Amino acid sequence: MDAVLALEDGTLFRGAAAGAEGEARGEVVFNTSMTGYQEVLTDPSYAGQIVTMTCPEIGNYGVTTADVESRAPQVAGFIIRDESPVASNWRSEATLRDYLVANRIVAISDIDTRALTRQLRSGGVMRGVIATGDALDADALVERARSIPQMEGSDLVRGVTSAAAFDWPQEDPGEFGVAPERLPKRRLKIAAYDFGMKWNILRRFTAYGCDVRVFPATAPASDLLAINPDGVFLSNGPGDPSALDYAVQNAKDLVKSDVPVFGICLGHQVLALALGGQTYKLKFGHRGANHPVKELHTGKIEITSQNHGFAVDPETLPADVRVTHTNLYDGTVEGLRHETRPVFCVQYHPEAAPGPHDADYLFRQFLDVMERRT
């Protein structure tokens, strides 16, 4: 079946349908990862976005339920160059196409993703529509792309957060990634805000000997503090952080409580806003598993996984908030720490392990802060 990708600037890409039939609308972005397409598909931070994979062949190792990062795929649509005709891996449970069809994700293949990526890098990410079928009206698709709400000012967190608080189950630490360098003297209790949390973050906390209770994004800070946690975690998630007034206010209350707070990605941006900083939209964002980040205190370089379209403006940060990490591609802020309160955060994803374990020390640091408090 034919498919068309229409961008808001009038550009059209014609290819073949690679997933469910129908139409997908969203902000078109690109991800430079060579593997991990299933993790990308199920990352709630991609809500409202059509994701282009720059790696030319996608689907070659199939899909498996062990690799999902949330309850279901979260992307608005999916774009690839070549759809692998086979899924060759001992862990594979289904083909990528079967997975996309079963989860009603509209996708397009057989287009020049290099040309699309260059266009997004030059002009910036833009709104787009994928439609499947014959005799599609290109002009109408472009108009529909232009009618999609802008990402700026959009609160997409409410659409991906959990409906009610829940406890993440304890798991065998040996099943998920590298063994932790150390365990706490006792099991630590973490209260976590779910802004669109990836499950591997919860798995890493479990591996580090923590019990995690997850709260909806709109829960008041008092609900989290009521369980007397050893620390509070602010998760990743989609959309514009400046649109999340409720999350920023809750983060302010948490900072004032002096409970240790750790944030990742959107959680990092929310904390920056709560501490007095400002955020801005990047031209085409950071999405991939090969971003070099420098830890300023040690000078060490970490290869990191990233997925964000907004960043913190360092010029707006107050004097008691220190930049701890920077992106070596463009110098943007990748980490912050408060000078007098037990609060720190990073823009990238230490649980995603592209280095493969360059940034796992951040979970250990959170343990250190929580144990010092007790």
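Just so you know, these numbers come straight off a predicted model, no measurement behind them. Residue numbers run consecutively from 1 along every chain, following the written order of its sequence. For this predicted model, a pLDDT threshold of at least 70 governs which residues receive local features, and a threshold of 80 or more governs which side-chain atom pairs are given and counted, while totals over whole chains, interfaces and linings are taken from all residues. The basis for the side-chain values is all heavy atoms of the structure; hydrogens and waters are excluded.

### Comments concerning the overall build of the protein chain
Numbering of helices and strands runs from the N terminus; a helix is a DSSP stretch of H or I covering at least four residues, while a strand is a stretch of E covering at least two. In terms of regular secondary structure, the protein chain is built from nine helices and 19 strands. Here the globule rule is a power law, 2.2 Å times the number of residues to the power 0.38, and the radius of gyration is based on C-alpha atoms. For 374 residues, the compact-globule estimate of 2.2 N^0.38 gives 21 Å, and the C-alpha radius of gyration of the protein chain, at 20 Å, lies within 12% of that figure. The principal-axis extent of the C-alpha atoms belonging to the protein chain is close to 65 × 45 × 40 Å. Within the span of the protein chain, comprising 374 residues, buried residues form 56% of the whole. Of the contacts formed within the protein chain by residues at least 6 apart in sequence, a portion of 76% connects residues at least 24 apart. Treating the 36 positive side-chain charges of the protein chain as one cloud and the 49 negative ones as another, the clouds have centres 4 Å apart. Whether a residue is buried, partly exposed or exposed follows from its accessible area with a 1.4 Å probe, protein chains only, as a fraction of its type maximum: under 20%, in between, or over 50%, in that order. Residues count as neighbours in contact if any of their non-hydrogen atoms are within 4.5 Å of one another. Just so you know, the count uses Lys and Arg for positive and Asp and Glu for negative, and it drops His and the chain ends. Throughout, a charge is located at the NZ atom of Lys, the CZ atom of Arg, the CG atom of Asp or the CD atom of Glu.

### Focus: the packing of aromatic side chains
Stacked, tilted and edge-to-face are the three classes applied to pairs of Phe, Tyr and Trp rings, where Trp contributes its six-membered ring and a pair requires centres within 6.5 Å; stacked means planes under 30 degrees apart, edge-to-face means over 60, and tilted covers the rest. As enumerated under the stated definition, the model contains 13 aromatic pairs in all. With a centroid separation of 5.7 Å and an interplanar angle of 50°, the aromatic rings of Trp168 and Trp199 are classed as tilted. Note that Trp168 is positioned in the loop between β10 (166-167) and β11 (188-194) and Trp199 in helix α5 (residues 199-207), a separation of 31 residues in sequence. Assessed through its relative accessible area of 14%, Trp168 is described here as buried.

### Let's talk about the pattern of salt bridges
We define a salt bridge as a contact between a side-chain nitrogen of Lys or Arg and a carboxyl oxygen of Asp or Glu at a distance within 4 Å. All told, the structure shown has 18 salt bridges when counted by the stated rule. The salt bridge involving Arg91 is made with Asp67; its shortest N-O contact spans 2.9 Å. Here Asp67 lies in the loop between β5 (57-58) and β6 (77-79) and Arg91 lies in the loop between β7 (82-83) and α2 (96-102), a separation of 24 residues in the sequence. The partner of Arg187 in a salt bridge is Asp211, and the shortest N-O contact between them spans 2.9 Å. Here the residue Arg187 occupies a position in the loop between β10 and β11, and Asp211 occupies one in strand β12 (residues 210-216), the gap between them amounting to 24 residues. In this structure, a network of salt bridges that share partners links the residues Glu23, Arg25 and Arg144.

### Overview of helix α9 (residues 361-373)
By definition here, a helix of n residues has an expected span of 1.5 Å times n minus one. For α9, with 13 residues, the first-to-last C-alpha span of 19 Å sits near the 18 Å given by 1.5 Å per residue. Three or more residues of α9 are buried, namely Tyr361, Leu362, Phe363, Arg364, Phe366, Leu367, Val369, Met370 and Glu371.

### Regarding the side chain of Asp43
Locating Asp43 in the fold gives a position in the loop between α1 (37-41) and β4 (49-53). Comment: no salt bridge for buried Asp43; closest opposite-charge side chain is Lys198, at 4.4 Å.

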